[in-house]
Structure formats: structure tokens, C-alpha cells
Amino acid sequence: MFILKKTYFYTSFLYPLNMLQIKSALISVFDKNGLEPIAKKLHSLGVKIYSTGGTEHLLNKLEIPVVKVEDITSYPSILGGRVKTLHPKIFGGILNRSDNENDIADIEKYNIPNIDLVIVDLYPFEKTVASGESEENIIEKIDIGGISLIRAAAKNFKDVICVSSKNDYDYFLSKLDEGSGKINESLSREFAAKAFNISSHYDTAIFNYFNKESNNFKTSFQNGRILRYGENPHQKGIFYGDFNSIFTQANGKELSYNNFLDIDSAINIMNEFQLDSPTFAILKHNNACGLAIRNSLLEAYKDALAADPVSAFGGVLISNKLIDLSTAEEINKLFCEVVIAPSYEKKALELLCTKKNRIILIKKETKLSNDSIRTCLNGVLYQGKDNITDTKSNFKTCTIKHPTEKEIQDMIFASKICKHTKSNTIVLVKDKQLISSGTGQTSRVDALKQAIEKSINFSFDLNGAVMASDAFFPFPDCVEIAHNQGISSVIQPGGSIKDNLSIDYCNKNNLSMVLTGTRHFKH
């Protein structure tokens, strides 16, 4: 971080230009990368530099004159380095106001040196937490002196410029060159905003580390990615997050707001199938319109596409395995917005990249957040993600007829898709292939009718298929409609006071049904 004190420069008409002249600097950083050009520039400008610890050693190594902070405060670094700069002679040098007579008097009375520039960064608290280090090491990475210097400098932005990140070094240097060592007040205010952004983000990370039980909510993201527009062209769109920690983009245009939503849905649904045989999914408007598990990826892709080749146009494609050339050749016949895979054969990647706008993503091994947050009214709604995946162990067969092992596997497959489909939803599956789904309907009956209609349009035989529902059946109408189409087994959460009506219908008509006890609404 940099802090600069202000000296006014005047035109011949005596109007202030509000320019800040750097005469002295405090430099103390944890990460010393990129510091050398800054230090050499300041030295060339005749700036007096104060420093501590490792930064002081670096400056000495660079043969740049430096004054120890201890020589100002008459106190050494104590408590294992916990206290170095926390002293009135340091903070007085930063916080004094050049246009305040009382401040000027105090500076003179207590022999406090003006500090016009401070370079300080913060201990890497978030990286230390992410690395899984002990709590003792994590606590030691809670910065005290650095965060205090940042806040002091940013508060006094009219007299001080505060550059609180090495990411701004080049920008700051360019402004120093432009002004021949002088900085204007508007730039100082800009850097103050950056500084408070860093300090508030840092404090939020610390709070969230300690916050295990309270219902207080804080979140913070750095460096928003400006999108072309939002959900529609007249809406503003920004993505806040570290996209590059999850993906490498090998080809294609800038991602849109809708691309981000579809990619998020694709990743979440494919996470259900990470350990399965080759699996391919096609999504449109956040819902799977095709998904299949097969012995080869090419077969999985073809059967996923077969479920709804119309909706697949312009969709997002995702695989749980390496995409080979034969699969890429089939994909290349389809217009699609995005293709995602953990890896690609070289020739497959070259082929898929021949369409310059097609977004090709290579997924990295990254753990996603378990939090789900959305705006609501004048606040936000928070919930933990739906991390329950229905398995055979939590199935409760409630009918006389028991499902076959093949039907059980299809029900598990269908339930995974159902969990990631907009409610109300019905999902129809046969032989580990999504046949069709009814999505986002206001009634479960309508969702089922939509799914049946789609299956008929694409010539699927529903005899022996299974049906999955995201919530219970309050009436037997859905199981009756399903039975009339040849569906043989049903998976649903159960929990209706009228569960027995659907169960009785299944028993009378030789259908099997299992209850999971877990609802999977998705809105």
C-alpha cells in the first residue's frame, strides 16, 4: 500500500490544482514481488523511505537508503513481530491533516515525521485458510498493523494516496510518471476506494472463518468480470468470482450472463455422475434436455442428443470423461454455445476450436461452494445446497411389487436429473438415458404430460421406463397417467397425507414405487 501526503500547487491565478507531492514513504510488505521498480522510482525522486523487517532488508540489498521504523518510534519490533508500526509517531505521520492548524501543531510538538507514501499489503489470510494449515498459523495471518495503516491512509485520502495491492503498482507508477512525481486528489480518492475494498474483503474473510453458528451474513468478491449484458441486452451483467480457478478457456467468445448460468447448471448436474461410466449431458436454459451413460463417450453423446435434438441447438454440452476425436466429430455437427470436459484429445480440441465463437472449457479439479445465495425483496436468501443424492440405501419400497435391479439403477439415474431440474418436474428414464422431462410447470400433472408429449415426439417407447418426481403426489392422477403409457416404476419423496392413494393404485396395477424421504424442489 502507498500513502501520500498532499502539497498544493497553484496556477498563476492562485487556483489549487490539488496535486500531492511525495517526500517520504513508509514501505512494509509481506509479498515483495513487484516492489523493486517502485522503490527505485521513489529513490530517484528523492523520497525518504521508512521500513521494517524483511522489506528493510530488501531495500538495503537494493542499495536504497532506508530509515528503520524503530528509529522513529524508539521501540523495536516486539511480540514476535505482532507489533511493529502501531505507534503514534507512525499513525500521526499518516493521519495529520495539512490544512488543520491543531494537527500541524501536534506534529511539531511531538516531533512526528510526515509520511507522504505508505506501501503495505496484508498477510495472506485466505490462502492460509485454503491451504488447510493449523488454526494457530491461520490466526497469525490475521493482519493488524497492515490493515490499520490501510484504513488510516484511505481515511486521510485528501492528504494521502493509498495503493493497497501489488496489482496496482504499474498503474501507480504510470501516474507518477505522468505527474512527474505528483498525484492529484481524484486519483487519491480512487485509491482510497480500492483500499477500503481490500480491507472490507479481508475482514469479511476473517469473520466467515470464525462465524460457525450465528445467523449473520457477509460475503465479498473481488474483481468483478463485466459481461456483455445481463439476462437480456438491456440489463447490466457482472460475474463476481474466480472463473479461471475452475476452468481454462481454450476457445471462443466472451461468456455471457446466460452462459454462466448454464455452465453452473452443467457442472452441478455432472458432479452427480463424476464416478460413473462415460456420461454426456446437454443443457438448455439450466435444465438437462439430454443425458446418458454408456460404455463409450460417443454412444453417451449420441443418446443424450437423441432425447431432444431440437432443444440441443445452441445448448451447453458437458462430459465427465476426456472427449476423443470421434465424439468431437459428432459434436462438431451441432451448433452449441459451450463444450465442457476435464480434458480433450489434441485432435479433438483442434477440431472443436475451428468454430471461433464456440466456447471450449477445460474443467479443473475444484471444490465448489456449498452455499446458495440469491437476492430477495430488500435482502438475500441463503441456504445450503441440496447435497443429498438419492441412493439404493435410502429407498423404501412401499408397494407389493419390488423394482428390479435395472429399474433401481434407472431410478437413481432419474432422481439425480430430477434434483437439478426446475420444479415442478417429472423425469422419465429408460436404460440410463433421459427420455424426456417436464420442467418448471405449475402442476405436476402438466409436467408429466409435457414429458410424455416430448417422448412421443421423439419416438421413444415408454414401456418399462421409470418416472421420477421432485416432490410427492397428492393424488394418484400422475401414477395413473404414467401407467397408461407403460411406465413400470416410480420414485418420489413421499410425505403426502394421501400417499396411500398413489400406493394403492400402483398395487392394483402392478407398478413398483419407492419413497426416498427427500424432496428436491428447485426454483
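Structure report, in brief. (Residues numbered from 1 in each chain as written. Predicted model: local features only at pLDDT ≥ 70, side-chain atom pairs only at ≥ 80, totals over all residues. Heavy atoms only, no water.)

**Details of the packing of helix α4 (residues 88–95) against helix α8 (residues 145–155)**
- Viewed as axis vectors pointing N to C, α4 and α8 meet at an angle of 30 degrees, and their least axial separation amounts to 8 Å. The angle between α4 and α8 places the two elements in the roughly parallel class. Contacts between α4 and α8 pair I90, F91, I94 and L95 from the former with S148, L149, A152, A153 and K155 from the latter.
- Of the residues in the contact of α4 with α8, the class split is seven nonpolar, one polar and one charged. (Axes fitted to C-alpha atoms, helices over the stretch in contact; angles between N-to-C directions. Helix = DSSP H or I, 4+ residues; strand = E, 2+ residues; numbered from the N terminus. Parallel < 35°, antiparallel > 145°, perpendicular 65-115°, else oblique. Contact = heavy atoms within 4.5 Å. Nonpolar A, V, L, I, M, F, W, Y, C, P; charged D, E, K, R; others polar.)

**Here we look at the sheet that holds strand β20 (residues 466–469)**
- Overall, mixed pairing links the six strands, which are arranged β17-β22-β21-β20-β18-β19 in an open sheet. Edge positions in the open sheet fall to β17 (396–397) and β19 (434–438), since each of these has one partner strand only.
- Taken together, the four bridges between strand β18 (residues 426–429) and β19 define a ladder with antiparallel strand orientation. Considered in β19, the bridge of I426 is made with G438. (Pairing = 2+ DSSP bridges.)

**Topic: the environment of E136**
- Tracing the backbone shows E136 in helix α7 (residues 135–140).
- Take E136: its relative accessible area is 62%, and that puts it in the exposed class.
- The sequence separation of E136 and L351 amounts to 215 residues, and the corresponding C-alpha distance is 51 Å. (Buried < 20%, exposed > 50% of the residue type's maximum accessible area, 1.4 Å probe, protein only.)

**As for the pairing of strand β3 (residues 48–51)**
- Where strand β2 (residues 24–28) and β3 come together, four bridges link them in parallel fashion. Note that in β3 the partner of I27 across the bridge is S51.
- Assessed by its sense of winding, the connection that carries the chain from β2 through helix α1 (residues 35–44) to β3 is right-handed.
- Here two bridges tie β3 to strand β4 (residues 67–68), and the two strands are oriented parallel to one another. Opposite S51, over in β4, you have K68 as the bridge partner.
- This β-α-β element, β3 to helix α2 (residues 53–61) to β4, shows right-handed connectivity. (Right-handed = clockwise from strand over helix to strand, strands pointing away.)

**Looking at the sheet that holds strand β14 (residues 359–363)**
- Here we have six strands laid out as an open sheet, ordered β9-β14-β13-β12-β10-β11, and mixed in their pairing. For this open sheet the edge positions go to β9 (247–251) and β11 (287–293), each flanked by a neighbour on one side alone. Going across the sheet, the axis of each strand differs from the next one's by a mean of 20 degrees, ignoring polarity.
- Where β9 meets β14, four bridges bridge the pair, whose relative direction is antiparallel. Paired with F247 across the bridge in β14 is K363.
- Against the sheet, helix α11 (residues 257–270) contacts β9, β10 (279–284), β11, β12 (315–319), β13 (336–341) and β14, and its axis sits at roughly 150 degrees relative to β10.
- Where helix α12 (residues 297–307) meets the sheet, it contacts β10, β11 and β12, and its direction lies at approximately 30 degrees from that of β10.

**Overview of the packing of aromatic side chains**
- In this structure the tally under the stated criterion is twelve aromatic pairs.
- With 5.3 Å between their ring centres and 70 degrees between their planes, F243 and F260 make a pair best called edge-to-face. Taken together, the residues span a long stretch of sequence, with F243 in the loop between β8 (238–239) and β9 and F260 in helix α11 at a distance of 17 residues. As far as the burial class goes, F243 and F260 line up, both buried.
- Relative to F335, the ring of F313 has its centre 5.0 Å away and its plane inclined at 45 degrees; by these criteria the two rings are tilted. Pair noted here: F313 is in the loop between α12 and β12 and F335 is in the loop between α13 (325–331) and β13, with a separation of 22 residues, a long-range link.
- Owing to a relative accessible area of 44%, F335 belongs among the partly exposed residues under this scheme.
- One aromatic cluster is present, built from ring pairs that chain together F125, Y202, Y209 and F210.
- In this structure, K212 is placed above the aromatic ring of Y209, and the distance from its NZ or CZ to the ring centre is 5.2 Å.
- Positioned over the ring face of F243 is R225, at 5.0 Å from the centre of the ring. (Phe/Tyr/Trp six-rings, centres within 6.5 Å; stacked < 30°, edge-to-face > 60°. Lys NZ or Arg CZ within 6 Å of the ring centre and 35° of its normal.)

**Thoughts on the packing of helix α9 (residues 169–178) against helix α10 (residues 185–210)**
- The interhelical angle for the contact between α9 and α10, taken along N-to-C directions, is 170 degrees, at an axis separation of 12 Å. In terms of orientation, α9 and α10 fall into the roughly antiparallel class. Within the contact between the two elements, α9 uses Y171, F172 and K175 and α10 uses L187, E190 and F191.

**Quick word on the pattern of salt bridges**
- For the structure on display, the rule yields 18 salt bridges.
- Across the salt bridge formed by E36 and K40, the nearest N and O atoms sit 2.6 Å from each other. Of this pair, E36 and K40 both sit in helix α1, four residues apart, which is roughly one turn of that helix.
- The partner of D470 in a salt bridge is R444, and the shortest N-O contact between them spans 2.2 Å. (Salt bridge = Lys/Arg side-chain N within 4 Å of Asp/Glu carboxyl O.)

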